[in-house]
Amino acid sequence: MASSALYIRIDNVLNNMNRSWEWLAGHIYNSKGKPLQGSYLSSLTQKMQNDSELTKSEKKYIQEMKDFLKFAE
């Protein structure tokens, strides 16, 4: 699935839950144990919307978001 389509699916789930990307990112932690936030989250969502190439760690964070929301592609 293209990352833009995945972005739309995640965004729809969040809207249905009345939650934000910031709320979701607050449950996803980087290797230093800090939640994703700010410019990193903004960059990640922008890359998803534009179907840009994602790094290995960005793909890992997106998988964690999908796992947290418990939905499959």
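Residues numbered from 1 in each chain as written. Predicted model: local features only at pLDDT ≥ 70, side-chain atom pairs only at ≥ 80, totals over all residues. Heavy atoms only, no water.

Caption draft 1: Structural context of the overall build of the chain. Per the secondary structure count, the chain includes 4 helices and 0 strands. Written out in order from the N terminus, the α and β elements of the chain read α-α-α-α. Against the globule reference of 11 Å for 73 residues, the chain gives a C-alpha radius of gyration of 11 Å, in line with a compact fold. C-alpha extents for the chain along the principal axes are approximately 30 × 25 × 20 Å. Here the chain holds 73 residues, and 33% of them are scored as buried. By sequence separation, contacts in the chain at least 24 residues apart represent 57% of the contacts at least 6 residues apart. Put simply, the chain shows about 4,700 Å² of open surface, and 48% of that area lies on carbon and sulfur atoms. (Helix = DSSP H or I, 4+ residues; strand = E, 2+ residues; numbered from the N terminus. Rg over C-alpha atoms; globule rule 2.2 N^0.38 Å. Buried < 20%, exposed > 50% of the residue type's maximum accessible area, 1.4 Å probe, protein only. Contact = heavy atoms within 4.5 Å. Areas by Shrake-Rupley, 256 points an atom, 1.4 Å probe, with all protein chains shown as cover.)

Caption draft 2: Main features of the nonpolar core. Among the nonpolar cores identified, the biggest contains 18 residues, and I10, W21, L24, L44, M48 and M65 are the most heavily contacted of them. Elements with a contribution of two residues or more to this core: α1 (3-17), α2 (21-25), α3 (38-49) and α4 (56-69). Those residues in contact with L24 that sit more than four places away from it in its chain are I10, L14, M65, F68 and L69. (Core = buried A, V, L, I, M, F, W, Y, C linked by side-chain atoms within 4.5 Å.)

Caption draft 3: Layout of the packing of α1 against α4. Where α1 contacts α4, the two axes come as close as 12 Å, and the packing angle between them is 35°. Handedness of the α1/α4 crossing: left-handed. On α4, the residues touching L6, I10, V13, L14 and M17 of α1 are I62, K66 and L69. (Axes fitted to C-alpha atoms, helices over the stretch in contact; angles between N-to-C directions. Left-handed = near helix turned anticlockwise from the far one by under 90°.)

Caption draft 4: A look at the packing of aromatic side chains. The final tally for this structure, using the stated rule, is 3 aromatic pairs. Ring geometry for Y7 versus W21: centroids 4.9 Å apart, planes at 5°, classification stacked. In this pair, Y7 sits in helix α1 while W21 sits in helix α2, placing the two residues 14 residues apart along the sequence. Exposure class is identical for Y7 and W21. Each is buried. (Phe/Tyr/Trp six-rings, centres within 6.5 Å; stacked < 30°, edge-to-face > 60°.)

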